[in-house]
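An overview of the molecular structure
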Amino acid sequence: MLRPLLPAAAALALLAVTCTTPSSPPPAETLVGDPRGAALFDRHCAVCHGRMGDADTSVAALLLPRPAAFRDGLFKLVSTDNGVPSEDDLVRMLRRGMPGSTMFAFDWLPEADLRGLARHVLHLAIDGRAASIARTSAAAGRPLAPADATAEAERQLRPGATVAIGQPIAREAADLDAGHLLYERHCATCHGPDGRGLPGTANWPTDGTWLWPRDLTAGYLRGGASHRDLTCRIRAGMPGARMPPAPLSVAETDTLVAYVRSLIPDSAEEHHVQWRRTIRAAKVPALPAADDDAAFGAIEGVRLPIVPVWWRKDAVHEVVLRAAHDGADVALRVEWSDGTQDAQAGHGQTMGDGIAVQFATTMDPPLLPMGSAAEPVNVWRWHAFDPRAVAGMTDLLGGQRHAGLDVGVGSAGTTAAESLRLGGPVSARTATGSGQPLQATTRWRDGRWTVTLRRQLAARSNDEVALAVGAPRLFALAVWNGAVDRSPASKSITTWHVLELQP
């Protein structure tokens, strides 16, 4: 059970939503399933949200925040006066994803596919609501025919009118004192007097999705920070976060939004959005030595947001990637902050620091990277020590004794690594040790890891992907912080990005 809600805007900025323009409710046919959307959902979404939208999957159990159960019919991103998302609401959410969770952006999909996905999600909600209505009616001794239950569910889940949107107030013209008073009355109880949240909110009881009030200053806004976005959040509420609409006038909302925007840094809005990025590996006459910081410093570094699958503030949240090739070999240098060097097995230390780079074998893999038997991935993996050396290690992915997900035993700088083929999380138990040696040079200094991985462009076996100029490859990253990641399933991950080797 959730604790009782505080004033209507108290959970302000837990999520953001982009509003649509006012319109009449859509016709009933827009609420039915979409065949293309159903296929996309099965491929990219069902692993977390469940094929029927119940979020009851083995992967969902490993994620925090837990994926939404669409069959419940409660959505966080709404812009309507009845709390039901419009198709546009869902499309905009899909395009941007949900920073602060493992819901990545679908910005790489065309508009028609996004709309198909949105229609299918609404169809799952209707199906779940219809089943609930039928159960309730049967329990009351008044059973309904399936068609009647569905018709009632469609009526209940028809989006209302878009909430009223005022006008943005320029910072220099904003009455921040008045906005501050509104903030203290409606928001500060959860978000704190300075917008940074309150200690202990992570332990508040929830429905399992861990809907903690957000730190407005940290960049984990699940939508935009525009006037329209914040207005929708306040006036439409967030049913999936148990946040009701705020009882404020349009003018009061404009004043409150102006103050909240003053708390959000300019760079925060998109800081942790998991867009699909393109990294261009420059061609150089010769790859620099791994310890040549000056030469690598001349190669453009691309910041990539990375999200822990089990949310923790002290997990890894971003990396910097540099890539280059010389026509024969490619080098990937990845840097990230980590306050402790976890490079030796010991009592209570079951996972070391580490990194994996996954390359897809197609340009259209399922969104959650790990591969499958039908679509394997080529993984370059390095860990500071091998958890097989730790007696009693339990693999959370299967609840069995750990059979070895990681390779590499040695001191930092000389640790071994390998390139191997994986066909899903379970295959990692048996695939480790079967791969090709991979050159890895590592360094931990002043609270920061630098790992340089190098491999020839040509594939050395059928288990590897070939890399070539003019042949883009999708890749994703995973990073382990051994101080907080206690199993191979606990890590920080990115969405798929594109690697292009420049001529």
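This text follows the structure it describes.
In this report, we go over the structure that sits alongside the text.

Calculation notes
Residues numbered from 1 in each chain as written. Predicted model: local features only at pLDDT ≥ 70, side-chain atom pairs only at ≥ 80, totals over all residues. Heavy atoms only, no water. 1 Å grid on protein atoms, 1.4 Å probe; cavity = no way out; pocket = protein on both sides within 12 Å on 5 of 7 lines; lining within 4 Å. Points joined across faces, edges and corners; volume = space filled by probe spheres on them. Helix = DSSP H or I, 4+ residues; strand = E, 2+ residues; numbered from the N terminus. Axes fitted to C-alpha atoms, helices over the stretch in contact; angles between N-to-C directions. Left-handed = near helix turned anticlockwise from the far one by under 90°. Contact = heavy atoms within 4.5 Å. Nonpolar A, V, L, I, M, F, W, Y, C, P; charged D, E, K, R; others polar. Buried < 20%, exposed > 50% of the residue type's maximum accessible area, 1.4 Å probe, protein only. Pairing = 2+ DSSP bridges.

What follows covers empty space enclosed by the protein. Inspection of every chain in the model, using the stated rule, returns four cavities of 30 Å³ or more. For the largest cavity, the calculated volume is near 480 Å³. Taken together, 31 residues line the largest cavity, and the ones lying closest to its centre are His49, Ala68, Phe70, Met98 and Met103. At the level of elements, helix H1 (35-44), helix H2 (46-49) and helix H3 (87-96) are the ones that each hand at least two residues to the lining of the largest cavity.

Let's shift gears to the packing of H3 against helix H4 (residues 111-139). It is at 9 Å that the axes of H3 and H4 come closest, and there the two elements cross at 120°. By crossing handedness, the relation of H3 to H4 is classed as right-handed. Between H3 and H4, the contacting residues are Glu87, Asp88, Leu90, Val91, Leu94 and Arg95 on the first element and Glu111, Leu114, Arg115, Leu117, Ala118, Arg119, Val121 and Leu122 on the second. Residue classes in the contact of H3 with H4 are distributed as eight nonpolar, no polar and six charged.

Let's shift gears to the pairing of strand E5 (residues 329-337). Burial within E5 is extensive, with seven of its nine residues counted as buried. As judged from the six bridges shared by strand E4 (residues 318-325) and E5, these two strands associate in the antiparallel manner. Within the sheet, the bridge partner assigned to leucine 321 lies in E5 and is valine 334. As consecutive antiparallel partners, E4 and E5 are separated by three residues, and within that stretch glycine 327 has a phi angle of approximately 95°, a positive value. Pairing geometry for E5 and strand E13 (residues 448-456), over nine bridges, is antiparallel. Residue pairing for E13: tryptophan 336 is matched across the bridge by tryptophan 449.

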